[in-house]
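Overview (structure and organization)
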Amino acid sequence: MTNKLCEIRAFVYDYFKETTQPPSVEDTAARFNLTTDEAALVYEELNQRHAFFLNPGTHNILMANPFSGVETPFKVHASGKTYSANCAWDSLGIPAALHADAEIKAICSQSGASIQLNIKDGKISSSDALVHFLVPFQDWYNDLVYT
Amino acid sequence: MLFFRSEEDLIQWLESKKVKRGAVLSIDQVWELSQRWYHNRMSLDYHGRTTEHIQEIFEELGLTSEFWKAA
């Protein structure tokens, strides 16, 4: 990736970290002195490179894994903020990415029972819960929402 | 990737959704995977990873079945 692409990718992740939300294409354009059309093209390229994923047909960031751009049932409380993760794995991915202690609140997909996990000093609390990966790795990016 | 409270819950879910079982990891395994996968994601220097590196991460965690083949 060019330096500009790397800087914009990092900006998107920092924006998520600070606000729990993705930057709009206008936010990114303003930060980098680009026109909205130029920033939109950069978003499309970063989407194509799987640096993050746009909601199809838009320039709205749907996922910058492990962060979700939309509300989900996978909640991660860390550093005084509440993030939405894309899935069970990504709910553990957020504290791993932030190198932060965290409290994860989610539910069992069958029973609806509460699942709570805590990360403290790089260790995870004991749990009998399981994570099911439905789709083999090679097919993960065919349909990310399904994955 | 979804959470299940127990193996019984997972089995019931697979039956209700009529889908095949994929791969099942413990919470400890997913935490290990998360740390290896995401530890440098916030870095300006993160440029993605090669297929070889992905396979290496899976293999380090003992994820060697066809399900985890990166290429």
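Moving on: the overall build of chain B. Helix and strand content of chain B: three helices and two strands. When the helices and strands of chain B are read in sequence order from the N terminus, they spell out β-α-β-α-α. Taken against the 2.2 N^0.38 rule, which gives 11 Å for 71 residues, the C-alpha radius of gyration of chain B at 15 Å runs more than 25% over that of a compact globule. Principal-axis analysis of the C-alpha atoms places the extent of chain B at approximately 45 × 25 × 20 Å. Looking at chain B as a whole, 21% of its 71 residues qualify as buried.

To continue, consider the pairing of strand 9 (residues 130-133) of chain A. Burial of the side chains of strand 9 of chain A extends over both faces: A:L130 and A:H132 are buried on one face and A:V131 and A:F133 on the other. In this sheet, strand 1 (residues 2-4) of chain B lies alongside strand 9 of chain A in antiparallel orientation, the contact comprising three bridges. Within strand 1 of chain B, the residue paired with A:V131 across the bridge is B:F3. Across four bridges, strand 9 of chain A lies against strand 2 (residues 23-26) of chain B in antiparallel orientation. Bridge pairing in strand 2 of chain B places A:H132 opposite B:V24.

Between its first and last C-alpha, helix 2 (residues 27-38) of chain B extends 16 Å over 12 residues, near the 16 Å set by a 1.5 Å rise per residue. Taken residue by residue, helix 2 of chain B has B:I27, B:V30, B:W31, B:L33, B:S34, B:W37 and B:Y38 as its buried positions. In a view along the axis of helix 2 of chain B, the buried residues occupy a sector of 165 degrees, so they form one face of it. Buried residues along helix 2 of chain B sit against helix 4 (88-98), strand 7 (114-120), strand 8 (123-124) and strand 9 of chain A together with strand 2 and helix 3 (51-60) of chain B.

Glancing now at the sheet that holds strand 9 of chain A. On the basis of which strands lie adjacent, the open sheet formed by three strands has the order 1(B)-9(A)-2(B) and antiparallel pairing. Looking at the sheet topology across the chains shown, the edges are occupied by strand 1 and strand 2 of chain B. Ignoring which end each strand starts from, the neighbouring axes of this sheet average 35 degrees apart. Seen against the sheet, helix 2 of chain B touches strand 9 of chain A together with strand 2 of chain B and runs at an angle of roughly 90 degrees to strand 2 of chain B.

Cut-offs applied
- Residues numbered from 1 in each chain as written.
- Chains lettered and ligands numbered in written order.
- Predicted model: local features only at pLDDT ≥ 70, side-chain atom pairs only at ≥ 80, totals over all residues.
- Helix = DSSP H or I, 4+ residues; strand = E, 2+ residues; numbered from the N terminus.
- Rg over C-alpha atoms; globule rule 2.2 N^0.38 Å.
- Buried ≥ 20, exposed ≤ 12 C-beta atoms within 10 Å, placed from the backbone.
- Pairing = 2+ DSSP bridges.
- Expected span 1.5 Å × (residues − 1).
- Arc of directions from axis to C-beta.
- Contact = placed C-beta atoms within 7 Å.
- Axes fitted to C-alpha atoms, helices over the stretch in contact; angles between N-to-C directions.

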